[in-house]
Amino acid sequence: SCTKMLGAISPLALGLAGAAAPSVAVTRAAVSMAGSVDSMIGKYSIKGTVYDPLDLASKYDVNWLREAELKHGRVCMLAVAGFLANDAGWGLPGLDIKCSSIEAHDRMVESGHMWALLAVVGVCEFLHFSVVVPKLDGDWGDWEPGNYGLDPFKLDSPSRREAELKNGRLAMLAFSGLVTQAALGHAAPYI
């Protein structure tokens, strides 16, 4: 029946959506000890409450979720900028390759250059995991999600952190829209 099918699909979908965040069998009190979602920046509601309709904060380590959110947001901010720059006709100096971003991706896959990118990203992820995965027992100590100690111009502030988080969220949606419109055959400016 439809109910049984939805019952089987829902855990699968939730499992895939949370695949990057290992399940941590913790109670709400243990999660708040490791870092409460209520005390994190990035709330959208006027009331200052947290929007968590799936109650993921009680199922997963919130610091792990925030780490993933910041990482994906940063990658998507770069991806949107690169996608738009390429489709605007800006390229790397010395390279006379003019094609859409979707075609550029396919050409890089065909030429094998994506393996180099996979290797670099793989090394970075391995180094990152070696630091973060041991903290999944709930004791994050002085580690702050997303803070790699790289701030040479001393621009860090709570308002900049919140702006980065919200811009990252927007970039994740924007990149999804850009890729979808480009894959559907709409040329830049994707209207």
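Just above, that's the structure.
Residues numbered from 1 in each chain as written. Predicted model: local features only at pLDDT ≥ 70, side-chain atom pairs only at ≥ 80, totals over all residues. Heavy atoms only, no water.

1. Concerning the side chain of Arg66
Then step 1. Along the polypeptide, Arg66 turns up in helix H3 (residues 62–87).
Then step 2. Arg66 gets classed as buried once you look at its relative accessible area, which sits at 11%.
Then step 3. Looking at Arg66, its side chain comes within polar contact range of the main-chain oxygen of Ile41, at 3.0 Å. (Helix = DSSP H or I, 4+ residues; strand = E, 2+ residues; numbered from the N terminus. Buried < 20%, exposed > 50% of the residue type's maximum accessible area, 1.4 Å probe, protein only. Polar contact = N/O pair within 3.5 Å; in protein donor to acceptor, adjacent residues only side chain to side chain.)

2. Details of the pattern of salt bridges
Then step 1. Counted under the stated rule, the structure contains 7 salt bridges.
Then step 2. Among the salt bridges present, the one from Glu125 reaches Lys71, with a minimum N-O distance of 3.0 Å. With Glu125 in helix H5 (residues 114–132) and Lys71 in helix H3, this pair connects stretches of sequence that are 54 residues apart.
Then step 3. On the accessibility criterion, Lys71 (18% relative accessible area) is buried. (Salt bridge = Lys/Arg side-chain N within 4 Å of Asp/Glu carboxyl O.)

3. Focus: unusual backbone geometry
Then step 1. Of note, Asp55 is a non-glycine position whose phi angle comes to about 55°, a positive value.
Then step 2. Structurally, the position occupied by Asp55 is in the loop between helix H2 (28–35) and H3.
Then step 3. The class for Asp55 is partly exposed, based on a relative accessible area of 33%.
Then step 4. Although it is not a glycine, Lys154 adopts a positive phi angle of roughly 55°.
Then step 5. Looking at where Lys154 falls in the secondary structure, it is placed in the loop between H5 and helix H6 (158–183).
Then step 6. On the basis of relative accessible area, Lys154 is assigned to the exposed category, the value being 68%.

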